[in-house]
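# A closer look at the structure
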Amino acid sequence: MCGITGYIGGSDSTAVLKSSLKNLEYRGYDSAGIALVDDTVEVYKRQGTIDDVAVPTDCDPSHGIGHTRWSTHGEPSDDNAHPHTDCTGELAVVHNGIIGNFHELKAELGGHVFTSDTDTEVIPHLIEEELERGRDLYPAVSDVINRLEGSFAIAVTHADCDAVVLARQDSPLVIGHGDDGMFIGSDVTAFVEYTRQVTYLEDGDVAALTPDGVTITNDGTVVNRPITQVTWDAAAAGKSGHDHYMHKEIHEQPHALRQSLSGRLDELAGEVDLDIDIDQEVLADIDRIQLVACGTSYHAGLFAKRLFETLANVSVTVTRASEYHVTGADDPASTLALAITQSGETADTLSAIREAVSMGARTMAVTNTVGSTVTREVDDTIFIQAGPEIGVAATKTFVSQVATLALFSVYLGRTRNAISRNDAATFLSNLRELPGAVQEILDAEGEIERLAAAYGDGESFFFIGRHLGYPVALESALKLKEISYDHAEGFAAGELKHGPLALVTPETPVIALLTEGTEPQKTLNNVKEVESRGASVIGMASIEESTAFCDETVDIPDIGRMESLVANVALQLFAYHIAKNKDRNIDKPRNLAKSVTVE
Ligand code: M6R
């Protein structure tokens, strides 16, 4: 994933572009650049972040575009950084996505000189050819995008043109309407400090942006796209005094959870309202849910599987999206394929959901991102309403995904008459207690910080749990490895003795989930197994026995089946403080990006 920004208007374009690119760095940060336009096009770019790019302060461009990159074609380098130009140097393009047929297009562009290894660079040269035929920039871009295969969001500027031309296909692009000009962003985060009035472009849209407004066409016809007001502000996108976005986002979880639950559950009536469009009769006939997701979202799916099976009495498969395939045994009429994706842009997840669509199954998405690609491709979407998440490591969106899926489990359970009103009411009351229980953990951060300091030098870290503890074990291990670079694994506690126990030594701290819904009494046996191999054990526990069995215990508030989700928050903090003590780049771990838009 890369970040695109742009501005045209009366303000200081250079300053706007630089601050927007800083806001977008969570989308990629291996190289950056901007193109400033004022009768000429001046490009400043290099490997690194926008802070590394030497942009003159004494120029006064009328508009410009910018880019922060996460490499797909061509290594991170000065030459591969965007914007890319044509042979005249008067045209500049920034691009997010992948041009699948760029080799063929490049072969057709004989005589053009290429200076990068990127797929993107064919775009300015193709446009250049159209301009040489006497066309204006807008029709030239419209024609060129018809020749591109793959996914793209592009912004194009030319020295002779007083507009920025945009196009979108399978990659997000948003326009901001400011008091003093118009903004462009891969998402609203780019410019939310300047305006919250936004227009989301749709696939196939080509737009011309001038200081006063925007004209959009799709397939040659002028279209009106609505202006909507985003509900979060610049403060929500900043660090608000925390050292890292991840820390801020961990602390936002009580609020994020309340937003996910807000207005959706009636614990007295035992009912849930999720504003779902798919007919209740159709949902009642579903006998198989296929959850598809990647990474943290996959772990949310594993957690949700248990809830769907127990609350809605429906059989559920959870598949890593990159491994999903339709089989002859799938019955589209009774299958619901549900994508779980924070960004709504993950290529593997989109590909899986497209396969489910082609099979004829009903499809849904649970996502955080309004206007994202997945929402356009499924029959129905439930938003987790967690607010923007900037840190690469997913935290608040994980708990909000699980809470939202829990609501959907109850909704489905009631629709299918699989759960009584009373049982639903009890579960929903537990859910209502979740934000408060998470706050209790956050208030005890000092104790978790102590544990991180005491055990953070382990050779490897093993997280063990059963049932609702197992996905949390996997997620906690992922969190620790991605931000601290320490080796960490999550195991089903009962599986330890079937192999992984061989890895356990006095140098490998073991973290055990001992909460309701995780069969804690059985897991205590596994605690004894690892302790007898010399390992120290930290119990995440709502049972009293933990203090007798484990070296350390973090008390998890007693709120029923969702307790292990609360334990997950404690383990996010554990990972955070271990990584912080090692001075890791917590918000931008090496080799990773917030959203992965390649398969
Ligand atoms: O946006 P998605 O939820 O589809 O992203 C899927 C994974 O790339 C993501 O959950 C990743 O594993 C986390 N950022 C890790 O913390």
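Let us look at the site of the ligand. For the ligand, the set of nearby residues contains 13 residues, the closest of which are Ser-297, Thr-341, Ser-343, Thr-346 and Glu-482. A distance of 2.5 Å is found between an oxygen atom of the ligand and a side-chain nitrogen or oxygen belonging to Thr-346. Protein coverage of the free-state accessible area of the ligand, which is 410 Å², stands at 91%. Ranked by residues supplied to the shell around the ligand, first place goes to helix H9 (residues 295–311) with 3 residues. Across the shell around the ligand, the residue classes break down as 4 nonpolar, 7 polar and 2 charged.

Let's shift gears to unusual backbone geometry. Following His-82, the chain continues into Pro-83 via a peptide bond in cis, with omega recorded as 0°. Although it is not a glycine, Asn-313 sits at a positive phi angle of roughly 50°. You can see Asn-313 is positioned in the loop between H9 and strand S19 (315–320). Judged by relative accessible area, which is 59%, Asn-313 ranks as exposed. For Asp-583, which is not glycine, the phi torsion reads 60° and is therefore positive. Mapped onto the fold, Asp-583 is located in the segment after helix H18 (563–581).

For the rest of this paragraph, the subject is the domain arrangement of the protein. Examined at the domain level, the protein breaks down into domain 1 (3–234), domain 2 (238–432) and domain 3 (443–586). Computed over C-alpha atoms only, the centres of domain 1 and domain 2 are separated by 33 Å. Across the contact, 13 residues belong to domain 1 and 12 residues belong to domain 2. Carbon and sulfur atoms make up 51% of the area that domain 1 and domain 2 hide from each other, which totals about 920 Å². By the criterion of area lost to domain 2, the three top residues of domain 1 are Tyr-26, Asp-170 and Tyr-200, representing 41% of everything that side buries. Summed over the shared surface of domain 1 and domain 2, the result is 1 salt bridge. A salt bridge links Glu-202 to Arg-376; its shortest N-O distance comes to 3.0 Å. The interface formed by domain 1 and domain 2 holds 3 residue pairs in polar contact (both at pLDDT 80 or more) in total. Here the side of domain 1 that touches domain 2 is built from residues that sort into 7 nonpolar, 2 polar and 4 charged.

Turning our attention to the environment of Leu-573. Take Leu-573: it is sitting in helix H18. Considered as a pair, Leu-573 and Ile-448 are 125 residues apart in the sequence and their alpha carbons are 6.8 Å apart. Residues in contact with Leu-573, not counting those within four places in the same chain, are His-247, Ile-250, His-251, Ile-441, Leu-442, Glu-445 and Ile-448.

Opposite charge on two side chains permits pairing when their charged atoms draw close. Counting across every chain of the model gives 26 salt bridges. Salt-bridge contacts for Glu-482 lead to Lys-479; the nearest nitrogen and oxygen are separated by 3.3 Å. Within this pair, Glu-482 and its partner Lys-479 are both found in helix H15 (residues 470–484), separated by 3 residues, close to a single helical turn. Each of Lys-22, Glu-25, Asp-51 and Lys-588 takes part in one network of salt bridges that share partners.

Glancing now at H18. Compared with the 27 Å implied by 1.5 Å per residue over 19 residues, the 28 Å span of H18 between its first and last C-alpha is a close match. Within H18, 17 of the 19 residues are buried, which leaves it mostly tucked inside the rest of the structure.

Another aspect to go through is the sheet that holds strand S14 (residues 221–223). Strand-to-strand pairing in sheets goes through backbone hydrogen bonds, with the strands running parallel or antiparallel. Reading across from one edge, S5-S6-S7-S8-S12-S13-S14 is the order of the 7 strands in this open sheet, with antiparallel pairing throughout. A single partner strand is all that each edge strand has here, and the edge strands are strand S5 (84–85) and S14. Against the sheet, helix H3 (residues 122–132) contacts S5, strand S6 (91–99) and strand S7 (150–158), and its axis sits at roughly 130° relative to S6. Running over the sheet, helix H4 (residues 137–147) touches S6, S7, strand S8 (164–169), strand S12 (205–210) and strand S13 (213–218) and is turned about 160° from S7.

Calculation notes
Residues numbered from 1 in each chain as written. Predicted model: local features only at pLDDT ≥ 70, side-chain atom pairs only at ≥ 80, totals over all residues. Heavy atoms only, no water. Near = heavy atom within 4 Å. Polar contact = N/O pair within 3.5 Å; in protein donor to acceptor, adjacent residues only side chain to side chain. Areas by Shrake-Rupley, 256 points an atom, 1.4 Å probe, with all protein chains shown as cover. Helix = DSSP H or I, 4+ residues; strand = E, 2+ residues; numbered from the N terminus. Nonpolar A, V, L, I, M, F, W, Y, C, P; charged D, E, K, R; others polar. Buried < 20%, exposed > 50% of the residue type's maximum accessible area, 1.4 Å probe, protein only. Domains from an automatic or database assignment. Contact = heavy atoms within 4.5 Å. Buried area = accessible area lost by both parts, 1.4 Å probe. Salt bridge = Lys/Arg side-chain N within 4 Å of Asp/Glu carboxyl O. Expected span 1.5 Å × (residues − 1). Pairing = 2+ DSSP bridges. Axes fitted to C-alpha atoms, helices over the stretch in contact; angles between N-to-C directions.

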